[in-house]
Structure formats: structure tokens, C-alpha cells
Amino acid sequence: MTILHFVLIPIFITLAYKTSITDPGYNVETKTNDNTNRLCRHCERNKPPRCHHCKTCKKCVLRMDHHSSWVNNCIGKHNYKYFFFTIIVFCIYTSHYQNIKLFSICYYNVLSQCGIKTFKWQLWAIWILLRYHKSNCKLLTRISPHNIFRFSHFVFLSNYIKRLIINNKTTIEFMERK
């Protein structure tokens, strides 16, 4: 475990908790005389623009993005920032964890092959074996596709969310206008 683990895990848990308990922006019924608001066909309340009904929560949510089963809450106007930073922190943590895991597996292979005890020579032996030894190259090719897939998934997700933020859209609005 590194210091980054002890920093990122509490941040991740706090952000996920804040996403879970923060009101996503449930629509409070407003009575207006103008015809700008629509009527929700599920809960029969006036529905302002960019408001969508969540069938899981059975409420209308302002700027609803989606209902997340991970936090058991809708992602909407008021908790979207916590959700976004939860994804970013999780992406950073996952990539860091995978790099540490990869390094420790390679380190274990080097030590088992060389039997070197001092730290200075261990680092030198790791560099030489990673550079020239074929078994470690095979090990890296076995581990890398899984890590690349996992990391690229979170990078794609965080980039997708960033693009939605830049365009001032929710996932629902993005899908409706395609």
C-alpha cells in the first residue's frame, strides 16, 4: 500500500457517499399560469425544461443524467459534480493500483530469478530483466491487455462526462438528440 492509496480511498468513499446522499434536484411542484412547463405523465406535476422522470425513484429530477444503482440515487443537477469527481478519483486509483500490481509482479519474478538481496542491485536487476529477459516480456503482455482495457474504460467514461459538461448536456439529452 502506498500513500496514494490512503489518500484516494477516503476521497473516493466520501465522494460516493456525497453522491448518494445529496438531493439530485427533485422537482418541487410549481403552479404557474404560463404554458412553458410541461406536465409529467407519471407523477402529474408541472415539469420545467430539462427535467425528467425517474421510474426507479418515482420523482422528477432537474437535469437528470441517469439513475445510478451504484449509489442508489439519481444523478442530477445537485449531485452531478460529486459523481464526476468520483469517476475521476476512481480512474486515478485504478491506474495507480494496476501500476503497483504490475511492478510488484515483475519485481517478484526478478527476485525469484536472480536471488539478489540488496535494494540497489534489485533495481538494477529489474531494469536489466525488464529490458532484456523474454519471460518478463511475456508476463507484461499477459497483464497489459486487461489493464489497458480497464483503464481505457474509465478514461472513456470520464472523457464522455467531460464532453457532456462542456456541451452542457445530460446523458438523456445527448441520447434524445442523436
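Everything here concerns the structure above.
The present account deals with the structure reproduced in this document. Since we're looking at a predicted model, the values are computed, not measured. (Residues numbered from 1 in each chain as written. Predicted model: local features only at pLDDT ≥ 70, side-chain atom pairs only at ≥ 80, totals over all residues. Heavy atoms only, no water.)

## Some details on the overall build of the chain
A tally of helices and strands in the chain yields 5 helices and 6 strands. The N-to-C order of helical and strand elements in the chain reads α-β-β-β-β-β-β-α-α-α-α. Here the chain holds 178 residues, and 33% of them are scored as buried. Counted over contacts in the chain with a minimum sequence separation of 6, partners at least 24 positions apart contribute 50%. For the chain, the accessible area works out to roughly 12100 Å², and carbon and sulfur atoms hold 63% of it. (Helix = DSSP H or I, 4+ residues; strand = E, 2+ residues; numbered from the N terminus. Buried < 20%, exposed > 50% of the residue type's maximum accessible area, 1.4 Å probe, protein only. Contact = heavy atoms within 4.5 Å. Areas by Shrake-Rupley, 256 points an atom, 1.4 Å probe, with all protein chains shown as cover.)

## Comments concerning the side chain of Thr86
Along the chain, Thr86 falls in helix 2 (residues 80-114). Look past the residues within four positions of Thr86 in its chain and what remains in contact with it is Phe12, Leu15, Ala16 and Thr19.

## A look at a nonpolar patch on the surface
Nonpolar side chains collect at one region of the surface, where Ile3, Leu4, Val7, Ile11 and Ile92 lie side by side and expose about 420 Å² of accessible area between them. In terms of residue count, helix 1 (residues 3-21) provides more of the nonpolar patch than any other element does, 4 residues in total. With respect to the helices and strands, the residue Ile92 is situated in helix 2. (Patch = residues over 30% accessible without salt bridge, like charges linked within 9 Å, V, L, I, M, F, W, Y side chains within 5 Å. Salt bridge = Lys/Arg side-chain N within 4 Å of Asp/Glu carboxyl O.)

## Comments concerning the environment of Phe83
Tracing the sequence through the fold places Phe83 in helix 2. Overall, the relative accessible area of 12% leaves Phe83 in the buried class. For the pair Phe83 and Lys18, spaced 65 residues apart in sequence, the C-alpha to C-alpha distance is 8.5 Å.

## Some remarks on the packing of aromatic side chains
The geometry of an aromatic ring pair is captured by the separation of the ring centres together with the interplanar angle, meaning the angle of the planes. Throughout the structure, instances matching the rule amount to 5 aromatic pairs. With 5.3 Å between their ring centres and 35 degrees between their planes, Phe12 and Phe90 make a pair best called tilted. Separated by 78 residues along the polypeptide, Phe12 in helix 1 and Phe90 in helix 2 bring together distant segments of the chain. Among the aromatic residues, those joined into a cluster by ring pairs are Phe156, Tyr160 and Phe174. A cation sits over an aromatic face here: Lys81 above Tyr82, 5.5 Å from the ring centre. (Phe/Tyr/Trp six-rings, centres within 6.5 Å; stacked < 30°, edge-to-face > 60°. Lys NZ or Arg CZ within 6 Å of the ring centre and 35° of its normal.)

## Quick notes on the pairing of strand 4 (residues 59-62)
As paired elements, strand 3 (residues 51-54) and strand 4 share 4 bridges and run antiparallel to each other. The partner of His52 across the bridge, within strand 4, is Val61. Count of turn residues in the strand 3/strand 4 antiparallel hairpin: 4 residues, of which Lys58 carries a positive phi of about 60 degrees. (Pairing = 2+ DSSP bridges.)

## A look at the pattern of salt bridges
Any two side chains of opposite charge can pair if their charged atoms end up close together. Scanning all chains against the criterion turns up 1 salt bridge. Residue Arg50 is joined to Glu173 by a salt bridge in which the shortest nitrogen-to-oxygen separation is 2.8 Å. Of this pair, Arg50 sits in the loop between strand 2 (46-47) and strand 3 while Glu173 sits in helix 5 (residues 171-176), and the two are 123 residues apart along the sequence. When its relative accessible area of 5% is taken as the criterion, Glu173 is described as buried.

Function cannot be inferred from these measures alone, as they are strictly geometric.
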